[in-house]
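# Reading the structure
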Amino acid sequence: MNNKYFFFCLIISFSTYAQQITSKPIEKEELKNFIDNKAKVLKALKFNDKNGVNFFTITLKEERKYDLVSRTLLVQHRIEKNKGDYALLRQVVDYEKECPFDNELDLIDKSLIISDLDKNNLAEISFMYKIGCRSDVSPIDIKLMVIENGNKAAIRGMTSITGINEPKVKTSDLAFKKLPKPIQEQANKIWAKFEHEF
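Just so it is clear, the structure is predicted and the values come from calculations on it, not from any experiment. (Residues numbered from 1 in each chain as written. Predicted model: local features only at pLDDT ≥ 70, side-chain atom pairs only at ≥ 80, totals over all residues. Heavy atoms only, no water.)

Within the protein one finds four helices and 15 strands. Overall, the C-alpha framework of the protein stretches about 65 × 50 × 35 Å when taken along its three principal axes. If you sum the accessible surface of the protein, you get close to 11900 Å²; carbon and sulfur atoms cover 52% of it. Distance from the positive charge centre (32 side chains) to the negative charge centre (28 side chains) of the protein: 4 Å. (Helix = DSSP H or I, 4+ residues; strand = E, 2+ residues; numbered from the N terminus. Areas by Shrake-Rupley, 256 points an atom, 1.4 Å probe, with all protein chains shown as cover. Lys, Arg positive; Asp, Glu negative; His and termini not counted. Charge placed at Lys NZ, Arg CZ, Asp CG, Glu CD.)

Okay, structure coming up:
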């Protein structure tokens, strides 16, 4: 292998790795401070950036009434100001209420990435979830969120179903269009990876 090519690949790999922020699970005792014990914990991670210690949680709460299912997805990003004193930087709440079929509101698990692509020492948290009520294999709404230091940007659209030839639905909001290009590119790659179903 050409030595110059080898070192170029090594630099690119290291650069990509360096832009990802390492996280670890939030301890159960800490988690009790800000989680509804009736909700299912989908993600509970802590990491460090310029704000200090960050706590990121996603929970899903389900309620049933007769044959109707309601779900609430709650996303919260906090920082620790002092020991045991937490400040909420951003909250995202979404609902799918009284669904008589399959309530699909849920996090797309492997879509979550915590990074610092703009290298400002503030983490970008990117994730996708689907939302809707259906009884067949028709497309369903999906949303991608990018949260950074209390700010939120989003892409909204619908899933693409294999074998169904329909135009893709995807719209970026104004906040997303103002994000640095590396963050937009990563988000679009996440979208492309998880927009397909079945």
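As a further point, take a nonpolar patch on the surface. On the surface, Val 137, Ile 164 and Phe 198 cluster together into a nonpolar patch covering about 290 Å² of accessible area. You can see Ile 164 is positioned in the loop between strand E13 (160–161) and strand E14 (170–172). (Patch = residues over 30% accessible without salt bridge, like charges linked within 9 Å, V, L, I, M, F, W, Y side chains within 5 Å. Salt bridge = Lys/Arg side-chain N within 4 Å of Asp/Glu carboxyl O.)

What follows deals with the packing of aromatic side chains. Going through the model one piece at a time under the given rule, you end up with four aromatic pairs. An angle of 80 degrees between the planes, with centres 5.1 Å apart, marks the rings of Phe 34 and Tyr 86 as edge-to-face. Of this pair, Phe 34 sits in the loop between helix H2 (28–31) and strand E2 (40–49) while Tyr 86 sits in strand E5 (residues 85–99), placing them 52 residues apart in sequence. As far as burial versus exposure is concerned, Phe 34 and Tyr 86 are alike and both buried. With 5.9 Å between their ring centres and 50 degrees between their planes, Phe 56 and Phe 127 make a pair best called tilted. A residue pair is termed long-range when its members are at least 10 positions apart, and Phe 56 in strand E3 (residues 52–65) and Phe 127 in strand E9 (residues 124–131) qualify at 71 residues. By relative accessible area, Phe 127 is classed as buried at 0%. Clustering of aromatic rings is evident, with ring pairs tying together Phe 34, Phe 55 and Tyr 86. (Phe/Tyr/Trp six-rings, centres within 6.5 Å; stacked < 30°, edge-to-face > 60°. Buried < 20%, exposed > 50% of the residue type's maximum accessible area, 1.4 Å probe, protein only.)

A separate point is the sheet that holds E2. Overall, antiparallel pairing links the five strands, which are arranged E1-E2-E3-E4-E5 in an open sheet. The sheet terminates laterally at strand E1 (24–25) and E5, the two strands that pair on one side only. Two strands pair when backbone bridges link them, and E1 and E2 are joined in this way by two bridges, in the antiparallel orientation. Looking across to E2, one finds that Lys 24 is bridged to Lys 46. (Pairing = 2+ DSSP bridges.)

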